[in-house]
Amino acid sequence: QVQLVESGGGSVQPGGSLRLSCTASKTIRNAYAMGWYRQAPGKERELVASFTRTGTSRYADSVKGRFTIYGDVAKNTVYLQMNSLKPEDTAIYYCNLQTLVPYNVDYWGQGTQVTVSS
């Protein structure tokens, strides 16, 4: 069974930086897109950033200009560089990998906590 393994979460002061990493335990050859979602207490899970095998990326408006997603979908690795962190970025961050062919399947990591507090 394939697992997405995340690392890089932690606690940081406002204005600080963190980098999240995610890789698959076994290569998923038909991966189409990878990304990061987050869920804060009492809120629904939301997209933070994602990018496709063809290079198309998208960001939540709240993180544009502060976060950068990069990696290699074919190699099932994704990173999220988070700069200028704010308290409202505090959440559990989940790695996601999506396939389209032959089936639309979503894989999820176990989540990593990011806390931004002074």
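As the structure is a computational prediction, the values presented were derived from the model and not from experiment.

## Focus: the overall build of the chain
Piece 1. The secondary structure content of the chain amounts to 0 helices and 11 strands.
Piece 2. For the chain, the N- to C-terminal ordering of α and β elements is β-β-β-β-β-β-β-β-β-β-β.
Piece 3. For 118 residues, the compact-globule formula gives about 13 Å, and the C-alpha radius of gyration of the chain, at 14 Å, lands near that figure.
Piece 4. Here the chain holds 118 residues, and 41% of them are scored as buried.
Piece 5. Taking the intrachain contacts of the chain between residues at least 6 apart in sequence as the baseline, contacts between residues at least 24 apart amount to 54%.
Piece 6. When the accessible surface of the chain is split by element, carbon and sulfur atoms take 46% of a total near 6,500 Å².

## A few points about the state of the cysteines
Piece 1. One pass over the full model with this rule turns up 1 disulfide.
Piece 2. Each disulfide pairs two cysteine sulfurs, and for Cys 22 the partner residue is Cys 95, the sulfurs being separated by 2.0 Å. On the sign convention where negative is left-handed, the bridge of Cys 22 and Cys 95, at about -80 degrees about the S-S bond, is left-handed. Here the residue Cys 22 occupies a position in strand β3 (residues 18-24), and Cys 95 occupies one in strand β9 (residues 91-99), the gap between them amounting to 73 residues.
Piece 3. Judged by its relative accessible area of 0%, Cys 95 falls in the buried class.

## As for the sheet that holds strand β7 (residues 67-72)
Piece 1. Read across the sheet, 4 strands follow the order β1-β3-β8-β7 without closing on themselves; strand pairing throughout is antiparallel. At either margin of the open sheet sits one strand with a lone partner, and together these are β1 (4-7) and β7. Within the sheet, the average angular offset between the axes of one strand and its neighbour, ignoring direction, is 15 degrees.
Piece 2. Where β1 lies against β3, 4 bridges are found, and the strand directions are antiparallel. Bridged to Glu 6 within β3 is Cys 22.

## Regarding the environment of Leu 4
Piece 1. Considering the arrangement of structural elements, one finds Leu 4 in strand β1.
Piece 2. The class for Leu 4 is buried, based on a relative accessible area of 4%.
Piece 3. In this structure, the C-alpha to C-alpha distance between Leu 4 and Gly 111, residues 107 residues apart in sequence, is 9.4 Å.
Piece 4. When neighbours within four sequence positions are excluded, Leu 4 is seen to be in contact with Cys 22, Thr 23, Ala 24, Cys 95, Asn 96, Leu 97, Tyr 107, Trp 108, Gly 109 and Gln 110.

Thresholds applied
- Residues numbered from 1 in each chain as written.
- Predicted model: local features only at pLDDT ≥ 70, side-chain atom pairs only at ≥ 80, totals over all residues.
- Heavy atoms only, no water.
- Helix = DSSP H or I, 4+ residues; strand = E, 2+ residues; numbered from the N terminus.
- Rg over C-alpha atoms; globule rule 2.2 N^0.38 Å.
- Buried < 20%, exposed > 50% of the residue type's maximum accessible area, 1.4 Å probe, protein only.
- Contact = heavy atoms within 4.5 Å.
- Areas by Shrake-Rupley, 256 points an atom, 1.4 Å probe, with all protein chains shown as cover.
- Disulfide = S-S within 2.5 Å.
- Pairing = 2+ DSSP bridges.
- Axes fitted to C-alpha atoms, helices over the stretch in contact; angles between N-to-C directions.

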